[in-house]
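# Overview (structure and organization)
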Number of protein chains: 2
Amino acid sequence: MLDPVSRVRRFNRAVTSAVGALDTSFLGRGRPLGAARVLNAIGHGRSDVAEIRDYLALDSGLMSRLLRSLEDEGLIETAAHEDDARRRVAKLTRAGRREFAAYEALSNAQAEGLLAQHSQREALLAAMDLIASALTRERVALDEVDPRSEQARYCLGEYYAELGRRFSQGFDVSLSRDPDAKDMRRPRGTFIVAMSDTLPIGCVGLKGTDHGYAEIKRLWVAPAARGLRLGRRLMDAAEDAARELGIGLLRLDTNSALPEAGQLYRSTGWREIPRFNDDPYPDLFFEKRL
Amino acid sequence: MLDPVSRVRRFNRAVTSAVGALDTSFLGRGRPLGAARVLNAIGHGRSDVAEIRDYLALDSGLMSRLLRSLEDEGLIETAAHEDDARRRVAKLTRAGRREFAAYEALSNAQAEGLLAQHSQREALLAAMDLIASALTRERVALDEVDPRSEQARYCLGEYYAELGRRFSQGFDVSLSRDPDAKDMRRPRGTFIVAMSDTLPIGCVGLKGTDHGYAEIKRLWVAPAARGLRLGRRLMDAAEDAARELGIGLLRLDTNSALPEAGQLYRSTGWREIPRFNDDPYPDLFFEKRL
DNA sequence: CATTTTATCTGACTAAAGTCAGACATCATG
DNA sequence: CATGATGTCTGACTTTAGTCAGATAAAATG
């Protein structure tokens, strides 16, 4: 009763019935699940018919019929794709948006019901984040985004909060050398976030300088996503971007209060060098030639 | 992207596809899911046909056909129930046990695959326990068991380990007044474990004495199950058992290093009394008249 | 012991999901 | 611009799941 596999299987059973309950509530809107799923996929912004078919793993014949039935209900409209008249795009009508909103309300109610079952909400949410990150591990997308984008700002906020917790003297962004956003945009540098589904779970910045090297900044991995080797993937992506931009030398600074970071650098070809800036927070400095 | 409901829904999506993958692998054995589910229910020890039907929420007609198809495959045998010839009981044949083992292997492989996705196995397992406990909250069964049973011994082991962590001086069972198992069996007392599915997640002992009162001992709730008001449910069950046994006065001892326990007692009609034993660990003593 | 209740089974049915082959229009390529 | 590839659609089909109304036999009840 204690072995890991039984614990996972107990989790599976618990979660299966919760998921089944959502399906049942979806059926309450008088439409087969297949049609409801297509409607929801369109509502969530998937317009390309081929993409929906792929996402829901549907046969093209079945997909076609489901679209027809939604059209007959007056919930969607389809049209030929602008660039390729073989492809079709679907969008919700006014009635479709209403119906989609009703499904959204059901999903939200289920999610809230699930949360309400536990008085330690934050613990439950953290556990869910951890599991969702583990399960979607191979579907984590590394996206280059603007360092001022919502995703980037979220990651940086979490990063600063974590430094505040980990440094004995706390962390104050204004004392640190805050990189200029334009140094982390192409062609001088870039900013990469790791997205699991719709949640940012890690980031790294590549900051261009005028001193013949670029710097790696703001490497962060969400607590729920640790253990997935995401730090390494982010670093690899940043180094790839640097190579693309013709950068031959990288530097970074870090702090010995973050031992896992130092270990990552050492194991991936970085070598320690003397201090190369006067930022008060770092006490370890690394360099890597590409 | 940060609000609790989106986090829950992200978790739902992640988990749905993992669960779907198991169904798909079950289909790989060339049998519809309905039949596979019935076979597995029988394999897991459910023999009574009515019980299986109830568990899987199947119509009696459908259930009957599924049993017939498994019988035709030579995987199960059915017979009339010993005590009631209307009822049927099903059991696996030799071939059925082989086939069941194959399904078990698939389930175990899926569970292991899921675990392998995360290098921090313990963190992942703890998160799964937490979620499974929250989701099966209303299905937690309070069972009276022998204090020497496997479930009871597991709970006590966890309980002692936790005391060791929470007491600054550690905890050594041999120094404490370890209750005799026979004092926690009917008719002198009882021992109750809270079972979530197959996992014990809490316990409490009612220990009979010869001094005109009974004692509450070993109240424990697994970390993953805290916040579900399980402690209160266990105490209620223990008090109910005491009333059944004709016990009019209850006492217990606890330690101020366990503040949540003290709070529970105070809020449920217990009043503090002077020390009534010489156990070195407790420093708080309570009494409740039933 | 007659009557009612219960557990299972059978036949007849429907709905939903999924499969497959071919038709058709459009696009990409040499 | 002929040819093959691609994306969608339609018709014909099967499988799976599920429903419902009796039929039957065995308890339970008065």
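Everything that follows concerns the structure shown earlier in this document.
I will try to describe carefully the structure that is included in this document. Source: prediction; values computed, not measured.

## Examining the overall build of chain A
Of the regular secondary structure elements, chain A holds nine helices and nine strands. Principal-axis analysis of the C-alpha atoms gives chain A an extent of 70 × 55 × 35 Å. Taking all 290 residues of chain A together, the buried fraction comes to 50%. Taking contacts inside chain A between residues at least 6 apart in sequence as the whole, the part at least 24 apart equals 59%. Taking the average location of the 44 positive side-chain charges in chain A and that of its 43 negative ones, the two points are 3 Å from each other.

## A word on the packing of aromatic side chains
Residues and elements named next belong to chain B. Evaluated as defined, the whole model comprises 21 aromatic pairs over all chains. Residues F26 and Y103 carry aromatic rings whose centres are separated by 4.8 Å and whose planes lie at 55° to one another, so their mutual orientation is tilted. Taken as a pair, F26 in helix α1 (residues 4-27) and Y103 in helix α5 (residues 94-116) lie far apart in primary sequence, 77 residues in all. As far as burial versus exposure is concerned, F26 and Y103 are alike and both buried. On the basis of an interplanar angle of 80° and a centroid distance of 5.8 Å, the ring pair of Y213 and F276 is categorised as edge-to-face. One end of the pair, Y213, is in the loop between β5 (199-208) and β6 (214-221); the other, F276, is in the loop between β8 (271-272) and β9 (284-289), with 63 residues separating them in the sequence. Taking relative accessible area as the criterion, Y213 reaches 11% and is therefore assigned buried.

## Thoughts on the protein's contact with DNA strand C
Within the structure, DNA strand C sits among 20 residues, and A:A85, A:R86, B:R53, B:R65 and B:R68 are positioned closest to it. Sugar plus phosphate: this is where 65% of the atoms of DNA strand C within 4 Å of the protein reside. In this structure, A:G34 approaches DNA strand C through a main-chain N or O atom, which is 3.2 Å from a phosphate oxygen. With respect to DNA strand C, the side chain of B:R86 contributes an N or O atom lying 3.3 Å from a sugar or linking oxygen. Secondary-structure elements contributing two or more residues to the surface near DNA strand C are α2 (33-43) and α4 (60-72) of chain A together with α3 (49-56) and α4 (60-72) of chain B. The element contributing the most residues to the surface near DNA strand C is α4(B), with five residues.

## Considerations on α4(A)
Residue and element names in this part refer to chain A. The first and last C-alpha atoms of α4 sit 18 Å apart over 13 residues, in line with the 18 Å expected at 1.5 Å per residue. Within the sequence span of α4, burial applies to M63, L66, L67 and L70. Each buried residue of α4 sits inside an arc of 100° when the element is viewed along its axis, so together they form one side. Facing away from the buried surface of α4 by more than 90 degrees, the exposed residues are R65 and D72. Contacts from the buried residues of α4 go to α2, α3 (49-56), β1 (76-80) and β2 (88-92). Capping of α4 at its N-terminal end is provided by D59; its side-chain oxygen lies 2.7 Å from the backbone amide nitrogen of G61.

## Quick word on the sheet that holds strand β4 (residues 190-196) of chain A
All names here are of chain A. Taken together, seven strands build an open sheet; the order of strands is β3-β4-β5-β6-β7-β9-β8 and the sheet is mixed. Each edge of the open sheet is held by one strand with a lone partner, namely β3 (140-144) and β8 (271-272). When β4 meets strand β5 (residues 199-208), the two strands line up antiparallel, connected through seven bridges. Residue pairing in the sheet places S196 in a bridge with L199 of β5. Each of β4, β5 and β6 (214-221) touches helix α7 (residues 150-166); the most contacted strand, β6, lies at about 80° to it.

## Regarding the packing of α2(A) against helix α5 (residues 94-116) of chain A
All names here are of chain A. At a closest axis distance of 10 Å, the pairing of α2 and α5 adopts a crossing angle of 100°. Considering the angle they form, α2 stands roughly perpendicular to α5. Of the residues in α5, those in contact with A36, L39, N40 and G43 of α2 are E99, F100, Y103 and E104. Taken together, the residues of the contact of α2 with α5 break down into four nonpolar, two polar and two charged.

## Section: the interface of chain A and chain B
With 63 residues of chain A in contact, the opposing surface of chain B contributes 64 residues. For the chain A and chain B pair, buried surface summed over both sides reaches about 5700 Å², with 61% attributable to carbon and sulfur atoms. On inspection of chain A and its partner chain B, the count reaches eight salt bridges. A:D129 is paired through a salt bridge with B:R7; the nearest N and O atoms lie 2.7 Å apart. Those elements giving two or more residues to the side of chain A that touches chain B turn out to be α1 (4-27), α5, α6 (121-135), α7 and β5 of chain A. Of the residues contributing to the side of chain A that touches chain B, the split by class is 31 nonpolar, 17 polar and 15 charged.

## Remarks on the pattern of salt bridges
Residue and element names in this part refer to chain A. Throughout the structure, instances matching the rule amount to 54 salt bridges over all chains. Across the salt bridge formed by R31 and E73, the nearest N and O atoms sit 2.7 Å from each other. Taken together, the residues R31 in the loop between α1 and α2 and E73 in the loop between α4 and β1 connect sequence positions 42 residues apart. A relative accessible area of 8% means that R31 is categorised as buried. For R226, the salt bridge identified is with E162, shortest N-O distance 2.7 Å. Taken together, the residues R226 in the loop between β6 and α8 (230-244) and E162 in helix α7 connect sequence positions 64 residues apart. Accessibility expressed as a relative area gives 9% for E162, which makes it buried.

Thresholds, definitions, all that
Residues numbered from 1 in each chain as written. Chains lettered and ligands numbered in written order. Predicted model: local features only at pLDDT ≥ 70, side-chain atom pairs only at ≥ 80, totals over all residues. Heavy atoms only, no water. Helix = DSSP H or I, 4+ residues; strand = E, 2+ residues; numbered from the N terminus. Buried < 20%, exposed > 50% of the residue type's maximum accessible area, 1.4 Å probe, protein only. Contact = heavy atoms within 4.5 Å. Lys, Arg positive; Asp, Glu negative; His and termini not counted. Charge placed at Lys NZ, Arg CZ, Asp CG, Glu CD. Phe/Tyr/Trp six-rings, centres within 6.5 Å; stacked < 30°, edge-to-face > 60°. Near = heavy atom within 4 Å. Polar contact = N/O pair within 3.5 Å; in protein donor to acceptor, adjacent residues only side chain to side chain. Expected span 1.5 Å × (residues − 1). Arc of directions from axis to C-beta. Pairing = 2+ DSSP bridges. Axes fitted to C-alpha atoms, helices over the stretch in contact; angles between N-to-C directions. Parallel < 35°, antiparallel > 145°, perpendicular 65-115°, else oblique. Nonpolar A, V, L, I, M, F, W, Y, C, P; charged D, E, K, R; others polar. Buried area = accessible area lost by both parts, 1.4 Å probe. Salt bridge = Lys/Arg side-chain N within 4 Å of Asp/Glu carboxyl O.

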